[in-house]
Amino acid sequence: MKLLLISNFSDIPHEHYVLNLLFCEGLRYFHLRKRDYTTHQMANYIEQIAEPFRRYVVLHSHFELIDEFGLMGAHFTKKFGYDDYLRSRKLPPDSPPAFNHLSFSLHSIPEIKRMPALYNYLFLSPVFDSISNQGYNSKFRTQELKSFLTQKTNRPEVIALGGITDEVVNNVFDAGFDGMALLGHIWTTFERTQDIVQAVKRFKTINHLIRSREEATALPSAAA
């Protein structure tokens, strides 16, 4: 089960300090998206990430910085998709993948069914009521998600986004997701309290719950 973190849309004082601590605690997928950032601002943000951790960063814009800083890859949305990127670079649709990592944001099961297997994973949101975007509530039914996600099909992995807290970790597992992405559970609270210790603790708690559930799931197989 993958555990991802998405950056806050706007800047928060000391967020780089928290971010580098979370990398030290095992964060391996960080999605960097900042509203209205210039290329210079984005580069400056990346430079404040400790160099050994930059390979865990996925950009949502300014993709020209990926190779420059040795980042993981690129994330796309319906607003600007991978096809749009290829056209902007005058590359044919059947070109080899431009990045080592490709991911995409979606909001329904039918959309997932139409996605090609070239993506490493897809965000599905909001799986639970959003913390960072008040009023952005989930419309998914648990049984509907489970019926689809537990099917063995040739599709990218699916990551649960929206309302992810320690209280829903087991629900994410039970539904059959391949991972979960944190956003408001870390940043909304930290923006209000500036409590670095608590922000790290929230991440560690969820990471521990995931590893414990994985170990519990593996035990019957090992015994057999």
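The coordinates are above.
Below is a short write-up of the structure. (Residues numbered from 1 in each chain as written. Predicted model: local features only at pLDDT ≥ 70, side-chain atom pairs only at ≥ 80, totals over all residues. Heavy atoms only, no water.)

### A closer look at the pattern of salt bridges
- Scanning all chains against the criterion turns up eight salt bridges.
- Among the ionic pairs, Asp-174 bridges to Arg-213, the shortest N-O distance being 2.6 Å. Of this pair, Asp-174 sits in helix α7 (residues 169-175) while Arg-213 sits in helix α9 (residues 196-223); the two residues are 39 residues apart in sequence, bridging distant segments of the chain.
- In this structure Arg-213 comes out as partly exposed when scored by relative accessible area, which is 23%.
- When salt bridges with common partners are traced through the structure, they connect Asp-11, Glu-15 and Lys-34 into a single cluster. (Salt bridge = Lys/Arg side-chain N within 4 Å of Asp/Glu carboxyl O. Helix = DSSP H or I, 4+ residues; strand = E, 2+ residues; numbered from the N terminus. Buried < 20%, exposed > 50% of the residue type's maximum accessible area, 1.4 Å probe, protein only.)

### Details of helix α2 (residues 39-47)
- Met-42, Ala-43, Tyr-45 and Ile-46 are the residues of α2 that are buried. On an axial view of α2, the arc spanned by its buried residues comes to 160°, and they lie on one face. (Arc of directions from axis to C-beta.)

### Brief notes about the packing of aromatic side chains
- Enumeration according to the criterion identifies 17 aromatic pairs in this entry.
- An aromatic cluster of three or more residues is present, and its members are Phe-63, Phe-76, Phe-80, Tyr-82, Tyr-85 and Phe-99.
- Against the face of Phe-9 rests Arg-33, its NZ or CZ located 4.1 Å from the ring centre.
- Positioned above the aromatic ring of Phe-9 is the side chain of Arg-35, whose terminal nitrogen or guanidinium carbon lies 4.1 Å from the ring centre. (Phe/Tyr/Trp six-rings, centres within 6.5 Å; stacked < 30°, edge-to-face > 60°. Lys NZ or Arg CZ within 6 Å of the ring centre and 35° of its normal.)

### Remarks on the side chain of Asn-207
- Mapped onto the secondary structure, Asn-207 falls in helix α9.
- The exposure class assigned to Asn-207 is buried, which follows from its relative accessible area of 13%.

### Focus: the layout of surface pockets
- Taken as a whole, the largest pocket encloses approximately 940 Å³ of empty space.
- Taken together, 38 residues form the lining of the largest pocket, with Phe-9, Arg-33, Arg-35, His-60 and Thr-77 sitting closest to its centre.
- Broken down by secondary-structure element, the contributors of at least two residues to the lining of the largest pocket are β4 (73-76), β8 (179-182) and α8 (184-193).
- In the lining of the largest pocket, the residues fall into 15 nonpolar, 17 polar and six charged.
- In this model, the second largest pocket occupies a volume close to 190 Å³. (1 Å grid on protein atoms, 1.4 Å probe; cavity = no way out; pocket = protein on both sides within 12 Å on 5 of 7 lines; lining within 4 Å. Points joined across faces, edges and corners; volume = space filled by probe spheres on them. Nonpolar A, V, L, I, M, F, W, Y, C, P; charged D, E, K, R; others polar.)

### Quick look at the pairing of β4
- With two bridges joining them, strand β3 (residues 57-59) and β4 adopt parallel strand pairing. Each bridged residue has a counterpart across the sheet, and for Leu-59 the counterpart in β4 is Ala-74.
- The pairing of β4 with strand β5 (residues 102-106) spans three bridges and is parallel. Paired with Phe-76 across the bridge in β5 is Phe-104. (Pairing = 2+ DSSP bridges.)

### Regarding helix α1 (residues 15-24)
- Counting buried residues in α1 gives seven out of 10 residues, a clear majority hidden from the surface.
- Residues Glu-15, His-16, Val-18, Leu-19, Asn-20, Leu-22 and Phe-23 constitute the buried set of α1.
- Phi turns positive, to about 115°, at Gly-26, one or two residues after α1.

### Regarding the packing of α1 against α8
- Here α1 crosses α8 at 145°, and the two axes come no closer than 12 Å. Our pair here, α1 against α8, has a crossing hand that is right-handed. On α8, the residues touching Glu-15, Val-18, Leu-19 and Leu-22 of α1 are Ile-186, Trp-187 and Phe-190. (Axes fitted to C-alpha atoms, helices over the stretch in contact; angles between N-to-C directions. Left-handed = near helix turned anticlockwise from the far one by under 90°. Contact = heavy atoms within 4.5 Å.)

### Considerations on unusual backbone geometry
- The step from Ser-125 to Pro-126 runs through a cis peptide bond, and the omega angle for that step is -10°.
- Within the secondary structure, Pro-126 is located in the loop between β6 (121-124) and α6 (142-149).
- In this model, His-62 sits at a positive phi of 50°, which is unusual for a non-glycine residue.
- For His-62, the location among the structural elements is in the loop between β3 and α3 (65-69).
- Even without a glycine there, the phi angle at Lys-90 is positive, about 60°.
- Relative to the assigned elements, Lys-90 resides in the loop between α4 (82-88) and β5.

### Things to note about the nonpolar core
- Counting residues in hydrophobic clusters, the biggest one holds 75 residues, and the most contacted among them are Phe-30, Leu-59 and Phe-177.
- For this core, the element with the highest residue contribution is α9, accounting for five residues.
- What Phe-30 contacts, discounting residues up to four positions off in sequence, is Leu-5, Ile-6, Ser-7, Leu-19, Phe-23, Tyr-45, Ile-49, Tyr-56, Val-57 and Val-58. (Core = buried A, V, L, I, M, F, W, Y, C linked by side-chain atoms within 4.5 Å.)

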